[in-house]
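# Tertiary structure, described
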Amino acid sequence: MAVTTIEELFIHELSDIYSAEKQLTKALPRLARAAQNPELKTAFETHLEETQGQIERIDRVVELLETRVKRIKCAAMEGLIEEGKEVIDTIEAGPLRDAALIGGAQKVEHYEIASYGTLCALAKQLGYTDALKLLKETLEEEKATDEKLTLLAEGGGNAQAAAA
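In this text, all values refer to a predicted model and were calculated from it rather than measured experimentally.

Conventions and cut-offs
Each chain has its residues counted from 1, running along the sequence as written. In keeping with the model being predicted, local features are shown solely for residues with a pLDDT of at least 70 and side-chain atom pairs are shown and tallied solely at 80 or more, while totals for entire chains, interfaces and linings include all residues. Side-chain metrics rest on all non-hydrogen atoms present in the structure, leaving aside hydrogens and water. Here a strand is any run of E in DSSP of at least two residues, a helix any run of H or I of at least four, and the numbering for each starts at the N terminus. For this analysis, residues touch if any pair of their heavy atoms sits within 4.5 Å. The convention used is that axes are lines fitted to C-alpha atoms, helices contributing only their stretch in contact, and that angles between N-to-C directions extend from 0 to 180 degrees. With respect to orientation, any angle under 35 degrees is reported as roughly parallel, any angle over 145 as roughly antiparallel, any angle of 65 to 115 as roughly perpendicular, and every other angle as oblique. Crossing chirality is assigned from the near helix's rotation relative to the far helix, an anticlockwise turn below a right angle marking it left-handed and a clockwise turn marking it right-handed. Note that Gly is not counted as nonpolar here; it falls among the polar residues with everything else outside the nonpolar set of Ala, Val, Leu, Ile, Met, Phe, Trp, Tyr, Cys and Pro and the charged set of Asp, Glu, Lys and Arg. In this scheme, a helix's expected span is set at 1.5 Å multiplied by one less than its residue total. Two rings belonging to Phe, Tyr or Trp (six-membered ring only in the last case) form a pair when the distance between their centres is within 6.5 Å. Interplanar angles under 30 degrees mark stacking, angles over 60 mark edge-to-face geometry, and anything in between is tilted. Three exposure classes are used, based on accessible area relative to the maximum for each residue type with a 1.4 Å probe and protein chains only: buried under 20%, partly exposed in between, and exposed over 50%. Here, a salt bridge means any Lys or Arg side-chain nitrogen found within 4 Å of an Asp or Glu carboxyl oxygen.

## Quick word on the side chain of E21
Residue position: E21 is located in helix α1 (residues 6–34). Contact partners of E21, with chain neighbours within four places excluded, come to T51, Q54, I55, I58, E112, Y116 and E142.

Okay, structure coming up:
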């Protein structure tokens, strides 16, 4: 589909992140099972709950704007999830795998932060005030999750991997 207006770009970006979040809900349980560190397992489980709430927020944006998301597949998230599978398949369970899982999860968070930041800028430009509030709420959650992952890595996860 050709995107020719800023409104169409907004819907395309919203559809892309909707696909990304849906894919992530399928991947997070697998990541939680693959993590050895209990705090990391909990972080993945908590983020699954957050992600489900973020999907509900996108649904609310769609309702507010009386529009629909397009049926597209987020290729970026698909690739990031594939990288996570590769980590699970190639690195033995333990601190090193946990460090790699944290790194992969941060790549996901950075993609989501960029996506929601873009959506916020577009919503602001388009005057979608109520949608903007919902999108900003999700953006802040994504930033907080990224910070939690950083703290896990710096709080001993990377040191344990180095010692292993």
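Next, the rest of the story.
## Points about the packing of α1 against helix α2 (residues 38–65)
Running from N to C, α1 and α2 cross one another at 155 degrees; their axes reach a closest spacing of 9 Å. Considered as vectors, α1 and α2 are oriented roughly antiparallel to each other. Handedness of the α1/α2 crossing: left-handed. Residue composition of the contact of α1 with α2, grouped by class: 16 nonpolar, five polar and six charged.

## Section: helix α4 (residues 95–126)
Relative to the 46 Å expected for 32 residues at 1.5 Å per residue, α4 spans 46 Å between its end C-alpha atoms, a close match to the ideal helical length. At the C-terminal side of α4, G127 shows a positive phi close to 75 degrees.

## Quick notes on the packing of aromatic side chains
Within this structure, the stated rule accounts for one aromatic pair. Ring geometry for F10 and Y128: centres 5.3 Å apart, planes at 75 degrees, overall edge-to-face. Pair noted here: F10 is in helix α1 and Y128 is in the loop between α4 and α5 (129–163), with a separation of 118 residues, a long-range link. A relative accessible area of 0% places F10 in the buried class.

## Remarks on the pattern of salt bridges
Following the criterion strictly, the structure yields six salt bridges and no others. The residue E78 makes a salt bridge to K73 at a minimum N-O spacing of 3.3 Å. A residue is classified by how much of its surface remains accessible, and K73, at 54% relative accessible area, is exposed.

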